[in-house]
Amino acid sequence: MNLQWRSAGDIMVSCLGDKDGNAEGNGFLLLDSEFNVEGSPVFSYDYWYQPRHNTMISTSWGAPLAFTKGFNHQNVSDGLYGRHIYVYSWPGGELKQTLDLGNTGLISLEIRFLHEPSRDTGYVGCALSSNMVSILVKPLKVKNWILPEMPGLITDFLISLDDGYMYFVNWLHGDARQYNIEDPKNPVLKGQLWVGTLLKKGSPVVAEDENGNDWQCDVPEVQPDINLFSSICKTS
């Protein structure tokens, strides 16, 4: 579920499904400033709008009855996970176009436009396909895991305020990445940090490189600031 204040003073809340966990009940709920229900004009999970282009685009995750029980690859084949993005007029909320991303856009989650309001460029992070529009995270060949290949599983991402860089994380691979997107159509990987993963040294899961060699990654240990923690506890 996501929530945003709109410039008109009302609130838009995205919903994932109905009370039984089916995708049929998902969509958006509009509340006025007194939290009265105004309507449900649009559809799906995360969303972003560019008022100067009179456009809003939303994404699609999946049916709660599927992902709340743990990931099952059969649910993908059964169509219980999303692969579409939806284009709406803004602020009217009329669905103008549905784009099928196919197997390159499975589980489209977060969407971000560039911060410059006159720009018409945005990105969608497709978790299971590990595809960020033109940024494709190749799956890793692995051993001792549920599948022979492990997708990156892109989750959240952000764009720097100057629209020069994108940062995102691969939940399963366990790395955080920095891309230069000054040319949005040709992103360049500039930095990568392994911060926690199934592939860390000592894990039973092992990755395999292009030459067939096994590898695991070093993950830095982060030491908590005990003094800061004590100060917070005393304050609370």
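Refer to the structure above for everything that follows.
Scoring rules and cut-offs
Residues numbered from 1 in each chain as written. Predicted model: local features only at pLDDT ≥ 70, side-chain atom pairs only at ≥ 80, totals over all residues. Heavy atoms only, no water. Pairing = 2+ DSSP bridges. Helix = DSSP H or I, 4+ residues; strand = E, 2+ residues; numbered from the N terminus.

Trainee: I'd love a proper account of the sheet that holds strand 14 (residues 149-150), names of residues and values included.
Mentor: Here we have 4 strands laid out as an open sheet, ordered 14-13-19-20, and antiparallel in their pairing. At either margin of the open sheet sits one strand with a lone partner, and together these are strand 14 and strand 20 (214-215).

Trainee: Which residues make up the pairing of strand 17 (residues 175-180), and what values go with them?
Mentor: For strand 16 (residues 165-170) and strand 17, the ladder comprises 6 bridges, and the chain directions are antiparallel. Residue pairing in the sheet places F168 in a bridge with R177 of strand 17. Alignment of strand 17 against strand 18 (residues 188-194), held across 6 bridges, turns out to be antiparallel. Note that in strand 18 the partner of N180 across the bridge is V188.

Trainee: Any details on the pairing of strand 6 (residues 55-58)? Residues and values, ideally.
Mentor: The pairing of strand 5 (residues 47-50) with strand 6 spans 4 bridges and is antiparallel. Note that in strand 6 the partner of Q50 across the bridge is T55. Here strand 5 folds back onto strand 6 in antiparallel fashion, the turn holding 4 residues, of which N54 has a positive phi close to 55 degrees. In the sheet, strand 6 pairs with strand 7 (residues 84-89) via 4 bridges, with the strands oriented antiparallel.

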